[in-house]
Amino acid sequence: MAILPIVQMGHPVLRISAESVADSEIAGLAALIADMDETMRDAPGVGLAAPQIGQSLRLLVYRVPADRLSADDDAPGDDQTRALINPVLEPLPGGLVYGWEGCLSMPGLRGLVPRHKALRFSGLDAQGQPVSGIARGFHARVLQHEVDHLDGILYIDRMPDLSWLSYNEQLEHFADRPQPEDGVK
Ligand code: NI
């Protein structure tokens with residue numbers, strides 16, 4: 001396995017729609033998926049999309065550590081790496097919730113981003129088998145962030161108010177600031 005260089009904001013691969021993966025290509029992705037897992041954990045991060053390592057493919061890896069589970073989260077919190085190929089997300093009713101996000105392609109920064117509280121996800125796993133389920137809370141947030149990478153979208157594009165973008169070292173100044181209300185969409 002290998003730790004891969006992570007592409008930083010400004011590189012055009014982060015701003016284009018990634019190519020769908022053909023069924024015949026999936027078996028050949030095992031080494032890349034293993035490298036993405038190692039790269040994500042080394043960073044450390046909780047998600048990594050293929051464009052972030054310079055591959056314009058609809059492929060992502062993510063994990064849900066137990067200490068990141070939110071109250072309504074239904075993920076196992078087992079910290080296992082999951083790969084998703086050609087993912088599709090369908091938001092469920094319930095509206096949007098604000099939460100802080102960072103991105104390995106924008107190191108040192110955090111932003112407050114509204115995301116759908118719950119969604120249905122589907123796609124293929126690393127073996128090419130269909131997977132689907134309902135994701136809520138942190139699980140849903142990670143999936144929305146990573147699938148956005150496959151469409152050339154960064155979390156800052158989802159922020160209605162960039163005054164909620166901060167360097168990590170300055171986050172303490174937001175502790176007493178009232179957060180925007182969660183919305184309905
Ligand atoms: Ni990211």
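Located above this text is the structure these notes cover.
Since this is a predicted model, take the numbers as computed values, not measurements.

Caption draft 1: Local environment of unusual backbone geometry. Cis geometry marks the peptide bond from A43 to P44, where omega comes out at -10 degrees. Its location among the elements puts P44 in the loop between α1 (30-42) and β1 (47-49). One non-glycine residue, D79, lies in positive phi territory at about 65 degrees. Position of D79 among the secondary structure elements: in the loop between β2 (59-62) and β3 (82-91). Here the phi dihedral of N86 falls at roughly 50 degrees; this positive angle occurs in a residue that is not glycine. Within the fold, N86 resides in strand β3.

Caption draft 2: Examining the coordination of the nickel ion more closely. The coordination sphere of the nickel ion, as far as protein atoms go, consists of C103 (SG), H145 (NE2) and H149 (NE2), spread over 2.1 to 2.3 Å. Donor residues for the nickel ion, ordered by position in the chain, follow C-x41-H-x3-H. Of this pair, H145 and H149 both sit in helix α2 (residues 137-150), four residues apart, which is roughly one turn of the helix. Given the relative accessible area of 7%, H145 is considered buried.

Caption draft 3: View of the environment of A43. Within the element layout of this structure, A43 appears in the loop between α1 and β1. Distance from A43 to H173, taken between C-alpha atoms, is 25 Å for residues 130 residues apart in sequence. Beyond its immediate stretch of four places on either side in the chain, A43 contacts I6 and L104.

Caption draft 4: Focus on the sheet that holds strand β4 (residues 96-101). Reading across from one edge, β4-β5-β8 is the order of the three strands in this open sheet, with antiparallel pairing throughout. Every other strand in the sheet has two partners, leaving β4 and β8 (165-167) as the edge strands with one partner each. The average angle at which neighbouring strand axes cross in this sheet is 25 degrees, direction not considered. As paired elements, β4 and strand β5 (residues 109-116) share six bridges and run antiparallel to each other. When the bridges of β5 are listed, G99 appears paired with V113. Sitting on the sheet, α2 is in contact with β4 and β5, with an inclination near 105 degrees to β5.

Caption draft 5: Representation of the side chain of S105 within the structure. Counting through the fold element by element, S105 comes out in the loop between β4 and β5. With a relative accessible area of 2%, S105 lands in the buried category. Those residues in contact with S105 that sit more than four places away from it in its chain are I6, V7, Q8, M9, L14 and Q52.

Caption draft 6: Focus on the sheet that holds β1. The antiparallel open sheet is built from five strands, whose spatial order is β1-β2-β3-β6-β7. Across the chains shown, the open sheet's two edge strands, defined by having one partner strand only, are β1 and β7 (130-136). Put simply, the sheet's adjacent strands are angled 40 degrees from each other on average, direction ignored. Bridge count for β2 against β3 is four bridges, and the pairing is antiparallel. Bridge assignment links Y62 to a residue of β3, and that residue is R82. Running at roughly 45 degrees to β2, α1 makes contact with β1, β2 and β3 of the sheet.

Cut-offs and rules
Residues numbered from 1 in each chain as written. Predicted model: local features only at pLDDT ≥ 70, side-chain atom pairs only at ≥ 80, totals over all residues. Heavy atoms only, no water. Helix = DSSP H or I, 4+ residues; strand = E, 2+ residues; numbered from the N terminus. Donors = N, O, S within 2.8 Å, 3.2 Å for Na, K, Ca; no water. Buried < 20%, exposed > 50% of the residue type's maximum accessible area, 1.4 Å probe, protein only. Contact = heavy atoms within 4.5 Å. Pairing = 2+ DSSP bridges. Axes fitted to C-alpha atoms, helices over the stretch in contact; angles between N-to-C directions.

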